[in-house]
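This is what each chain is made of:
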Amino acid sequence: MIRTHVEEKLCRLFEKNGIAVYNINSDRFKTNTINIFFQDNLNKDSVALNALFPSVLRRGCKGLPTIKEINLYLEKLYGAVFDCGIVKKGERQIIHFYFEYISDKYTNDSQRNFEKAFEFLMNIIFRPELKDGTFNEQYVEQEKNNLKMIIEGRTNDKVQYSMERCYELMCMDEPFGLYEYGTVEQIDEITNDRLYEHYKKKIESLPAEIFITGEIDDKDIAFIKEKLSKVERSTPQKLNSSIILKCVKDVREYEDKMDVNQAKLCMGFRTHVQPADNDYYALMVFSGLLGGGMHSKLFQNVREKAGLAYYVFAGLEKFKGLMVIASGIDINNKNTAQEIIMKQLDEIRLGNITEYEFEATLKSLKTGIMSLKDSQLYVVDFYLSQLINGTHDTMETLVEKINRVTVDDIIKVANKVQLDTVYFLTSKSHERIK
């Protein structure tokens, strides 16, 4: 007998003290997760502080003041997993606390793993380990150094760095242009007391959501309400929209030089499409046709036929209505590669789309969407993104809407897309090669 899984859907349970609680009911996994998100507007004055304080919180809390004691606690919960960090979604900086544990129905203990997991996160977030009424200065200094290493190590992954740099230059006058971890200079300026005061203000006032994956019962819900009722919170601050619609007047070009043998060409576009627009589903298909896999026009024509790229693909930044085309090329092939890349956009605008390209794109998109169900983190991220965008798709409805996209829809959305910024990461010896 083939077992059918419960369809994952986002269910809003209640809100307490400005913290909304959601459940994604699923029997697909033997583990459950608790995800707590605090959302803030990206801002140059707070970006580094927000990036730092979760790292300090993870070092210890009341009852578990050291990493060693935290790890022992996790081991007692059958090797539970705890993590925290930050992520940028559009012009929001999101602080994420995560806990994965064995579902209570798979244990024989009288203890309830859910209660142990939830209480642990509450202690980590709201009852940190303090020294003389503030953060432990040793923890702060160590985490400042760790954060600076992350910032300074950005350039190690040249593919990712070139894409991020393209977006940052493209949006240099917008909050999205900020790097989510801040700068080394900003980190250096942070003092122990300043960080602690910032933490208290943000935890008290930021809009927050709790996403729980897996099956929970009325007793679990009552436990959550009890714990949240004891949290001191103020009226949550307002969050800004991420979409800034800009008509491109002139294409801007930037060049950086590093010790690289293979140049990185990134082209940033304004799509003028928001996630809540009906055109967004056509934009997904357009991006997939253009550079979403081996079937795509970029792969077939820039990499295979012209032999100009080691890699080439297109990706959407849906929270900002942006698209980037990223490629790795020989240093002297920039102009030729750029010309052939733009020709592929024109081909789609003219409706020159084969049945194979169209069907392969739809299949690739549907496979990618449904594969998200294999990871609880991906499922949570999917529904958090729906919440941020004000959309209400499930994975099933998203696939249905993509299936309804026509070639005319793709042509329409392709004609909205405008090239904004060209970023070229090349060799320090580029001048000599030319």
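Residues numbered from 1 in each chain as written. Predicted model: local features only at pLDDT ≥ 70, side-chain atom pairs only at ≥ 80, totals over all residues. Heavy atoms only, no water.

**Quick look at the sheet that holds strand S8 (residues 208-213)**
Read from one edge of the open sheet, 6 strands run S1-S2-S8-S3-S5-S4, paired in mixed fashion. On the outer flanks of this sheet lie strand S1 (10-16) and strand S4 (81-89), each paired with one strand and no other. Each neighbouring strand pair of the sheet contributes to a mean axis angle of 20°, computed without reference to strand direction. As judged from the 6 bridges shared by strand S2 (residues 19-24) and S8, these two strands associate in the parallel manner. Across the sheet, the residue bridging to Ile-24 is Thr-213, located in S8. Of the strands in this sheet, strand S3 (31-41), S4, strand S5 (92-102) and S8 touch helix H3 (residues 113-126), which is tilted by about 145° from S5. (Pairing = 2+ DSSP bridges. Helix = DSSP H or I, 4+ residues; strand = E, 2+ residues; numbered from the N terminus. Axes fitted to C-alpha atoms, helices over the stretch in contact; angles between N-to-C directions. Contact = heavy atoms within 4.5 Å.)

**Brief notes about the packing of aromatic side chains**
All told, the structure shown has 19 aromatic pairs when counted by the stated rule. Consider the rings of Phe-38 and Phe-97, whose centres lie 6.2 Å apart with planes at 90°: the pair is edge-to-face. Highlighted residues: Phe-38 in strand S3 and Phe-97 in strand S5, separated in sequence by 59 residues. Phe-97 matches Phe-38 in its accessibility class, with the two residues each being buried. Judged by centre distance (5.1 Å) and plane angle (75°), the ring pair of Phe-135 and Tyr-196 falls under edge-to-face. With a gap of 61 residues between them, Phe-135 in strand S7 (residues 134-135) and Tyr-196 in helix H7 (residues 192-205) connect regions that are remote in the sequence. (Phe/Tyr/Trp six-rings, centres within 6.5 Å; stacked < 30°, edge-to-face > 60°. Buried < 20%, exposed > 50% of the residue type's maximum accessible area, 1.4 Å probe, protein only.)

**As for the nonpolar core**
Residues Val-285, Phe-286, Leu-290, Ile-325 and Ile-410 are the most contacted members of the largest nonpolar core, which totals 58 residues. Here this core gets 9 residues from one element, more than from any other, and that element is helix H9 (residues 280-291). Mapped onto the domain boundaries, this core takes at least three residues apiece from domain 1 (10-230) and domain 2 (252-427). Among all residues touching Ile-410, those that are not within four sequence positions of it are Ala-282, Val-285, Phe-286, Leu-289, Ile-348, Ile-353, Phe-358 and Val-405. Formed by 57 residues, the second largest nonpolar core is a distinct cluster that contains Val-140, Ile-187, Ile-224 and Leu-228. (Core = buried A, V, L, I, M, F, W, Y, C linked by side-chain atoms within 4.5 Å. Domains from an automatic or database assignment.)

**Some remarks on the domain arrangement of the chain**
Splitting the chain by domain gives domain 1 (10-230) and domain 2 (252-427). The straight-line distance from the C-alpha centre of domain 1 to that of domain 2 is 31 Å. At the interface, 37 residues of domain 1 touch 39 residues of domain 2. Applying the counting rule to domain 1 against domain 2 returns 5 salt bridges. For Arg-270, the salt bridge goes to Glu-174, with nearest N and O atoms at 3.0 Å. Here domain 1 is connected to domain 2 by 10 residue pairs in polar contact (both at pLDDT 80 or more). Those elements giving two or more residues to the side of domain 1 that touches domain 2 turn out to be S2, S3, S5, helix H5 (158-170) and S8. Considering every element that reaches the side of domain 1 that touches domain 2, the biggest residue donor is H5, with 10 residues. (Salt bridge = Lys/Arg side-chain N within 4 Å of Asp/Glu carboxyl O. Polar contact = N/O pair within 3.5 Å; in protein donor to acceptor, adjacent residues only side chain to side chain.)

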